[in-house]
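So you can see what is in the structure, the chains are spelled out below.
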Amino acid sequence: MIADNLNKIRKTLPDTTRLIAVSKTKPVEDLKEAYDAGQRLFGENKAQEMRDKHAVLPEDIEWHFIGHLQTNKIKYIIPYVSMIHSIDSLELLQAVDKEAAKHNRVVDCLLQFHIATEETKFGLSMEEAEALLQSDAYRQMQHVRIVGVMGMATNTTDMDLVRSEFRHLKTIHTELKQRYFAHSDAFKEVSMGMSHDYPIAVEEGSTMVRVGSSIFGARQYGIKVND
Ligand SMILES: *Cc1c(COP(=O)(O)O)cnc(C)c1O
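Residues numbered from 1 in each chain as written. Predicted model: local features only at pLDDT ≥ 70, side-chain atom pairs only at ≥ 80, totals over all residues. Heavy atoms only, no water.

A. Representation of the environment of A186 within the structure. The topology assignment puts A186 in the loop between α7 (159-180) and β7 (189-191). A186 sits in the buried class, given a relative accessible area of 15%. Beyond its immediate stretch of four places on either side in the chain, A186 contacts R145 and V147. (Helix = DSSP H or I, 4+ residues; strand = E, 2+ residues; numbered from the N terminus. Buried < 20%, exposed > 50% of the residue type's maximum accessible area, 1.4 Å probe, protein only. Contact = heavy atoms within 4.5 Å.)

B. Representation of the pattern of salt bridges within the structure. Applying the stated criterion across every chain, the model contains 16 salt bridges. In this structure, E99 and K102 form a salt bridge, with 3.1 Å as the shortest nitrogen-oxygen distance. One end of the pair, E99, and the other, K102, are both in helix α4 (residues 90-102), three residues apart, so they sit about a helical turn from each other. For E99, a relative accessible area of 14% gives the class buried. Since its relative accessible area comes to 60%, K102 is described here as exposed. When the shortest N-O distance is used, the salt bridge between E204 and R167 registers 2.9 Å. Separated by 37 residues along the polypeptide, E204 in the loop between α8 (198-203) and β8 (208-211) and R167 in helix α7 bring together distant segments of the chain. Using a relative accessible area of 11% as the deciding quantity, one classes E204 as buried. Salt bridges here are not isolated pairs; linked through shared partners, they connect R18, E62, K188 and E189. (Salt bridge = Lys/Arg side-chain N within 4 Å of Asp/Glu carboxyl O.)

C. Quick look at the site of the ligand. The environment of the ligand is made up of V22, K24, I66, M150, M152, M194, S195, R210, V211, G212, S213 and R219. Side-chain polar atom of K24 to an oxygen atom of the ligand: 2.7 Å apart, as the coordinates give it. G212 is positioned such that a nitrogen or oxygen atom in its backbone is 2.8 Å from an oxygen atom of the ligand. For the ligand, whose accessible area on its own is 390 Å², the fraction buried by protein is 98%. A class-by-class count of the residues in the shell around the ligand yields six nonpolar, three polar and three charged. (Near = heavy atom within 4 Å. Polar contact = N/O pair within 3.5 Å; in protein donor to acceptor, adjacent residues only side chain to side chain. Areas by Shrake-Rupley, 256 points an atom, 1.4 Å probe, with all protein chains shown as cover. Nonpolar A, V, L, I, M, F, W, Y, C, P; charged D, E, K, R; others polar.)

As structure tokens, then:
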């Protein structure tokens, strides 16, 4: 089943969009099945859960942290994480930088933007992001590299709204690129699109879609959580 789902989704993605298999709450056996079907990028949203899965799965997996990250849990992911998609404050970025220094790493990070109409979603505004990027504290960081932006659209069946939110995130990326990352080839990622809306995200320029339930099946809890 998992292999079939993966193959179906991969067929719909252009070469320019990578598929992150969001395996949160799913058992290691499910991840192994996806791995055996060729999947190497996995997304998790809880630090300890990611640590435990990393410990028992093959080394060539790229682990993407996509959830709200508490500073006291950064240590569980820093030694091996490939990308943190959910930087939503200067303080969090500073804490990641500090922990990454201990491991002599430079960790790729995305700035998470609040693009949805719901109040509950985490993320920066453009003003907050610019304040972060203009700060002395950011300029001094040596162990993080900002490689793009991430966002979640409103959880709605109104696909015109979803499309406009994705388009907005793409615009944010373009503007930040011009103003702050004109000379950084690395600043190219736009992480957007989940199971129910990733085809629209791809049309609007997503470089990474984060797909969970369409690969692994519905998760146990009934309502959608965003942290
Ligand atoms: C859970 C989650 C996803 C995947 O959601 P699905 O609807 O299962 O595809 C993507 N992004 C984030 C940030 C998530 O927390």
